[in-house]
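# Geometric and topological summary
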Amino acid sequence: MNDIVTVEVTDDIALVIISNPPVNAINQKVRSGLMTAFQTVDQDNNVRAVVLKCAGRTFMAGADIKEFDEPIAEPGYHEVFRVIESCSKPVIAAMHGTALGAGLEAALACHYRCAVENARMGLPEVSLGIIPGAGGSQRLPRLIGAKEALEFILGGVTVSATEAYKIGILDRVIKEDLMEGTLEYIGSLLADGVGPRKVSEMLVDKSGYGEEFLVDARKLSARRLRGQNAPNLVIEAINNAVNLPFEEGIRKEKIIGDKALVSKEAKALRNIFFSEREIGKIPGISSDTKRMQINNVAILGSGTMGGGIAMNFANAGIPAVILDVSEAVLQRGIAVVRENYENTVKRGRLSKSDMVDRMELISGTTDYNAIAESDLVIEAVFEDIDLKKKVFKKIDGICKPEAIIATNTSTLNINQIAAVTKRPEKIIGLHFFSPANVMKLLEIVRAEKTSPEVLATAIDTAKRIKKIGVVAGVCFGFIGNRMMAEGFHREADQMLLEGASPQQIDQVMYGFGFPMGPFAMHDMAGVDIMHSILKTTGKKENNREPYFNVLYQVGELGRFGQKTGSGFYRYDEGSRRPLHDPVTDALILQEAERLGIKRTTIENSEIEQRCMYSLINEGAKILEEGIAYRPGDIDVIWSYGYGFPRFRGGPMYMADQIGLETIYEAVMSYRDKFGDYWTPAPLLETLARDKKTFADWNIA
Ligand code: COA
């Protein structure tokens, strides 16, 4: 026992209580405290049963991930959990909050498990590139069956207490007071003379766990967690549970678990985990910064974006009114929202009554005065600076003075938009990604005069609507789209002229781990978007300056992608499968000839390197300019908004692993070959020279 793990004995029941805020993560101190506590209660003749519970907001939410970079200090998980399981008195886990990872594995080492109704539990280790290595891979199959355990672990989902009870993880779901319910349950166990029940001694139910099931499981995880090895390691561990005695399985679990912990993918995934938890930490903003009340929102524009944004708020129980110019347009937009919800109901992911509740929170209006009292107004009209300025001027005059007005622009200068209002301190960018009801990322764009209160409110609001809100500064395209346009996609377009095909580039980037390559993505998102940006910003073809020459011409032909049946690829009616199109080949040849570019073969390795190094170089500029606060912010944006493979940890993390000197030298050689647009970012140059990493710069 120590100051983190304490024991209280009341009557003949011992309570072992862990108090390690904020989430009771299991570190060395928790492990050693648990060990002593259980040794003590086991010896105490007055104790007839033991409850394992946690203080604070949650049962143990997992192993302390901060310990993962070093070998796990003694006592190890297996050792401690063995002591819990060997206790001669019944041990009952009493869970609340989120019992995750090693937290749930601790509960599996107990003899019985209770949880309060709103608790959730899961083994999300694969999302961190590891396996449940604290006995979970051996105990869970014994408790619920091998097939069910594999599905549970590979799915990486958290389930409700009711669900956990149904699949056999829990012995009792407690409706009201957790301790009262647990003590009552213990009373019934003791009255029935029921003693300890070790999960490790149960027989594994192998039904359904055959070759066919495993082939399907491998296929499914190869799709869901493409590029990751953790699912294979999980399967190996569960096979051991099926085929070997418990102790032998546990010994092998340790070997497999340790191997996973130090793997490249696990380290990269840890970077995303901790970066994600840092994004809300903004200089000048603290818990003391005043927040504004957001009790309702108004959204301007009922298109796909406006409707999607409204759904986020309704899902969080916040009323949203959508404003559009005509009743017909408005009704069409709201019908799309309804259809989206209906599809979710059909897929079984939403109940009919929840859908009704959410639709009731969404209303429409064509009257600007109806938004006068809105706390937050989000403009999602067409991407045109003059139109946006006009709209902002108008709503500035109508909305109450304390209202925050946000723009959903993805590229435009928010300082200019703010300047047309009398409340520039209340103007902010909220860049939702499409489809807004699905994509988790939200770029929160801090304009020159945005006040700390408004920024803090936006960060909190992002959390309320379950978005990953990353703060960015104002520049063309902010963080994500700027890196895409000025780096990755621009370079990809340039390589079309030099000799690559859209298929070759897309295949290389798919192989790298993106869900699709840049050209398939343009076709999906709509070539017209980038085409119109190129037109309005003047960033179109300019001889060898690689500003999307081919994309511009594809757009000029009205080939806007999937929605028009052709873009870089062609599409059969009703299909989204990209097919090779000779028209694009001819167009590329014609452009290359017009610009005097001699086409040659480009190796796949060069394609990958040029796409990624141009992206990293732009990321370095963004960091140095203060557009992003930390390299991890960029990594989070790329993994949540652009499908950058999470197992690579994000572009800036990946750059540190490759080594900035290597990247700098490659960028220099591209500059010599292709011209000044490949000039290394000064930050890249400095860090490479000093043999440092982006992460070092972060700390500085
Ligand atoms: N190890 C170490 N630190 C952890 C942690 C873990 N397993 N889980 C959470 N934390 C830390 C976070 O880094 C954060 O620290 P900070 O306040 O210094 O930034 C703090 O706990 C709160 O976490 P946060 O995610 O911001 O709180 P939340 O209420 O939104 O979510 C959880 C809580 C538990 C649901 C979430 O943190 C989570 O999913 N944790 C990981 C669980 C997991 O994967 N466990 C398996 C590991 S084996």
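Fair warning: this is a prediction, and the values are worked out from it, not measured in the lab.

The rules behind the values
Residues numbered from 1 in each chain as written. Predicted model: local features only at pLDDT ≥ 70, side-chain atom pairs only at ≥ 80, totals over all residues. Heavy atoms only, no water. Buried < 20%, exposed > 50% of the residue type's maximum accessible area, 1.4 Å probe, protein only. Helix = DSSP H or I, 4+ residues; strand = E, 2+ residues; numbered from the N terminus. Pairing = 2+ DSSP bridges. Right-handed = clockwise from strand over helix to strand, strands pointing away. Contact = heavy atoms within 4.5 Å. Phe/Tyr/Trp six-rings, centres within 6.5 Å; stacked < 30°, edge-to-face > 60°. Lys NZ or Arg CZ within 6 Å of the ring centre and 35° of its normal. Polar contact = N/O pair within 3.5 Å; in protein donor to acceptor, adjacent residues only side chain to side chain. Salt bridge = Lys/Arg side-chain N within 4 Å of Asp/Glu carboxyl O. Axes fitted to C-alpha atoms, helices over the stretch in contact; angles between N-to-C directions. Domains from an automatic or database assignment.

### Some remarks on the pairing of strand β14 (residues 404–407)
Where a strand is regular, its side chains alternate between the two sheet faces. Both faces of β14 are covered, namely the face carrying Ile404 and Ala406 and the face carrying Ile405 and Thr407. Here strand β13 (residues 376–379) runs beside β14; their pairing, made up of four bridges, is parallel. Looking across to β14, one finds that glutamate 379 is bridged to threonine 407. Tracing the backbone out of β13, into helix α15 (residues 385–398) and back to the parallel element β14 gives a crossover that is right-handed. Pairing of β14 with strand β15 (residues 427–432) involves three bridges; the strand directions are parallel.

### Details of the environment of proline 90
On the secondary structure map, proline 90 appears in the loop between α2 (77–85) and β4 (91–95). Along the backbone, proline 90 and leucine 189 are 99 residues apart, and their C-alpha atoms lie at a distance of 8.6 Å. Beyond its immediate chain neighbours, meaning those up to four positions away, proline 90 contacts Arg48, Ala49, Val50, His111, Tyr112, Leu190, Val194, Gly195 and Pro196.

### Quick look at the packing of aromatic side chains
Tallied over the entire structure, the rule returns 15 aromatic pairs. Between phenylalanine 519 and phenylalanine 568 the ring centres are 4.7 Å apart and the planes differ by 55°, which places this aromatic pair in the tilted class. Of this pair, phenylalanine 519 sits in helix α20 (residues 518–525) while phenylalanine 568 is found in the loop between α22 (549–556) and α23 (582–594), placing the two residues 49 residues apart along the sequence. For phenylalanine 519, a relative accessible area of 1% puts it in the buried group. Overall, phenylalanine 568 belongs to the buried group, its relative accessible area being 1%. Aromatic pair tryptophan 638 and tyrosine 642: ring centres 4.3 Å apart, planes at 25°, arrangement stacked. Take tryptophan 638 and tyrosine 642: they sit in the same class, and that class is buried. Taken together, the ring pairs connect Phe433, Phe488, Phe512, Phe514, Trp638, Tyr642 and Phe644 into an aromatic cluster. The positively charged end of arginine 277 is found above the aromatic ring belonging to phenylalanine 273, 3.8 Å away from the centroid. In this structure, arginine 610 packs its charged tip against the face of tyrosine 670, placed 5.9 Å from the ring centre.

### Regarding the side chain of glutamate 591
Structurally, glutamate 591 is set in helix α23. By relative accessible area, glutamate 591 is classed as buried at 1%. At 2.9 Å, the side chain of glutamate 591 forms a polar contact with the side chain of arginine 594.

### Quick notes on the pattern of salt bridges
Under the definition given, this model contains 34 salt bridges. For the salt bridge of arginine 482 with glutamate 625, the shortest nitrogen-to-oxygen distance reads 2.9 Å. Placement of the pair is arginine 482 in helix α18 (residues 480–498) and glutamate 625 in the loop between α24 (604–624) and α25 (631–641), with a sequence separation of 143 residues.

### Some details on the sheet that holds strand β7 (residues 120–122)
On the basis of which strands lie adjacent, the open sheet formed by three strands has the order β5-β7-β8 and mixed pairing. In this open sheet, the two strands that pair with only one neighbour each are β5 (98–100) and β8 (158–160). If you compare each strand with its neighbour and ignore which way they point, the axes differ by 20° on average. By the bridge criterion, three bridges tie β5 to β7 in an arrangement that is parallel. Note that in β7 the partner of leucine 100 across the bridge is glycine 122. Sheet strands touched by helix α3 (residues 102–109): β5 and β7. Its angle to β5, the strand with the most contacts, is close to 85°.

### Remarks on unusual backbone geometry
Each neighbour pair has its own omega, and for proline 21 with proline 22 the value is 5°, a cis peptide bond. In this structure, proline 22 sits in the loop between β2 (13–18) and α1 (28–43). With an omega of -10°, the peptide bond running from serine 434 to proline 435 counts as cis. Positionally, proline 435 belongs in the loop between β15 and β16 (441–446).

### Overview of the domain arrangement of the protein chain
Reports of interface size often rely on the accessible area that becomes lost once the parts have come together. Domain boundaries assigned for the protein chain yield domain 1 (5–262), domain 2 (297–472) and domain 3 (489–696). With centres defined by C-alpha atoms, the gap from domain 1 to domain 2 works out at 42 Å.

### Some remarks on the side chain of asparagine 271
Structurally, the position occupied by asparagine 271 is in helix α11 (residues 264–278). Not counting residues within four places of it along the chain, the set of residues in contact with asparagine 271 comprises Asp635, Gly649 and Tyr653.

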